[in-house]
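One-letter residues, chain by chain:
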Amino acid sequence: MSYMFTVSPDFSPDRLSGWYIFNTWMQRQMGVDIHLELYDDFCAQRVATYSNKIDLIYANPFDAAMLVREKGFLPMVKPEGLLDEAVIAVSAESSISTMDDLTAKLKVAMTEDPDVNMIGMMLLESADLNDDNIEKSIFDSYILVAKSLLRGNDDVGVFLAGSYDDLSNMVKKQLRILLTSEIGEIHHSFLIGPKFADRREEIQNLLIGMNENEKGQGVLESLGFKSWEKVDDEEMEFMIDLMDTLSV
Amino acid sequence: MLEDMKAEDIVGEYKEVTLDLYKLGSRKILYTEIETPYPDGKLIVSTTNVEGVISHVNQAFIEMSGYAEEEVLGQPHSILRHPDMPPAAFKDLWDTVTSGKKWQGIVKNLRKDGGYYWVKATVIPNIRNGQVAGYTSVRRKPSATVVDESIKLYPTLF
């Protein structure tokens, strides 16, 4: 029997090889075939998960909510200390200096990252901005969002905070952060599908113990993680409830 | 049962009023006109049991309410009830969430020091195994426009 594994498409391109290394590590530890399927965009990945093709997923909070509530997935672990926060940024030369300067008809650059956009829209809402009075441009990656700001095509960009940090220093020097969310409760999670629920605890323990040996530490490093931490059912349910409050 | 507010906790000139809180009896409220601005980007999060007794608060809750965590855990959520909030708003909240639906509104909350802060609040029932196990309340920064509307509207609802 083989597993199908996928990763939320919002990971940094620098981590691509890391996920393949991680997949090899998992196969050796678990003694099963695991196929890593990476999708180009959120929509393609969602189609695959809805078609019950996926058994293991490192999911963004938005998709994790759907997978747990609608598809019977179970949470296992989350990366230690990594939270999903959104950054609202402008070009360094922009005349916008605070959130109070934002007005209707604002041009907003964003990706299709669902939870980041949800948090980003929540931040913009306090300036009386919403889907009805802004112009959105959707890009395939955060570097393209940054480029749109630098070219002056959009006024503000919505970034995953971690992805903003991963932009090159040259790009970041030409941008300015207006606001960073401080939610502190929303994170990516590694989930297991219902077909393999009986192996949840075993895999969970393998992942939690990963940082206890040199090999495991090296694999974690290639993902940019320090260690995995356990996520229990109630923590996941709490996060989903919280996300639910932000979706309105 | 909620303890009366104490004069030694209050910062600045205050007014006094007695609120009749649903199922909790009366509470002496001391309140000032000092507003604490909502911090950009933060969420205030708390959970309660089905009776509205606080079981979890986050750091932003502590900072904005002025209470220490141990002072609010086990207390009714109406510890934040400001006298300028019309009772009808809270009746609507409870009617909505006890029927299993999400409630949203603009709320003026009372701080321990008698001051206040405006929030956009969303309350949802926590459904566990098909039953309401409690409620999660998430507060975020409201826009100046909706706060101004509420300042005009709420006095008309008493």
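Residues numbered from 1 in each chain as written. Chains lettered and ligands numbered in written order. Predicted model: local features only at pLDDT ≥ 70, side-chain atom pairs only at ≥ 80, totals over all residues. Heavy atoms only, no water.

Draft legend 1. Here's a closer look at the interface of chain A and chain B. Across the boundary between the two partners, chain A contributes 22 residues, which contact 23 residues of chain B. Linking chain A with chain B are 7 salt bridges. The partner of Arg128 of chain B in a salt bridge is Glu237 of chain A, with the nearest N and O atoms 3.9 Å apart. Put simply, chain A and chain B have 10 residue pairs in polar contact (both at pLDDT 80 or more) between them. Broken down by secondary-structure element, the contributors of at least two residues to the side of chain A that touches chain B are α4 (114-125), β9 (175-180) and α10 (233-246) of chain A. For the side of chain A that touches chain B, the element with the most residues is α10 of chain A, which contributes 8 residues. (Contact = heavy atoms within 4.5 Å. Salt bridge = Lys/Arg side-chain N within 4 Å of Asp/Glu carboxyl O. Polar contact = N/O pair within 3.5 Å; in protein donor to acceptor, adjacent residues only side chain to side chain. Helix = DSSP H or I, 4+ residues; strand = E, 2+ residues; numbered from the N terminus.)

Draft legend 2. Layout of the packing of helix α3 (residues 61-71) of chain A against α10 of chain A. All names here are of chain A. As a packed pair, α3 and α10 sit with axes 10 Å apart at the nearest point and diverge in direction by 115°. In terms of crossing hand, the pair formed by α3 and α10 is left-handed. Counted together, Pro61, Phe62, Ala64, Ala65, Val68 and Arg69 of α3 and Met236, Glu237, Met239, Ile240, Asp241 and Met243 of α10 form the full contact between these two elements. (Axes fitted to C-alpha atoms, helices over the stretch in contact; angles between N-to-C directions. Left-handed = near helix turned anticlockwise from the far one by under 90°.)

Draft legend 3. Geometry of the sheet that holds strand β11 (residues 228-230) of chain A. Residue and element names in this part refer to chain A. Pairing in this open sheet of 6 strands is mixed, and the strands run β2-β1-β3-β10-β4-β11 from one edge to the other. Both outer strands of the open sheet, β2 (33-36) and β11, are each paired with one neighbouring strand and no more. For this sheet the average axis-to-axis angle between neighbouring strands, irrespective of direction, equals 25°. As judged from the 4 bridges shared by strand β1 (residues 2-7) and β2, these two strands associate in the parallel manner. Across the sheet, residue Phe5 finds its bridge partner in β2, namely Leu36. Sheet strands in contact with helix α1 (residues 16-30) are β1, β2, β3 (56-59), β10 (189-192) and β11, and its direction is about 165° off that of β2. Across the face of the sheet, α10 comes into contact with β4 (74-79), β10 and β11 while running at roughly 80° to β4. (Pairing = 2+ DSSP bridges.)

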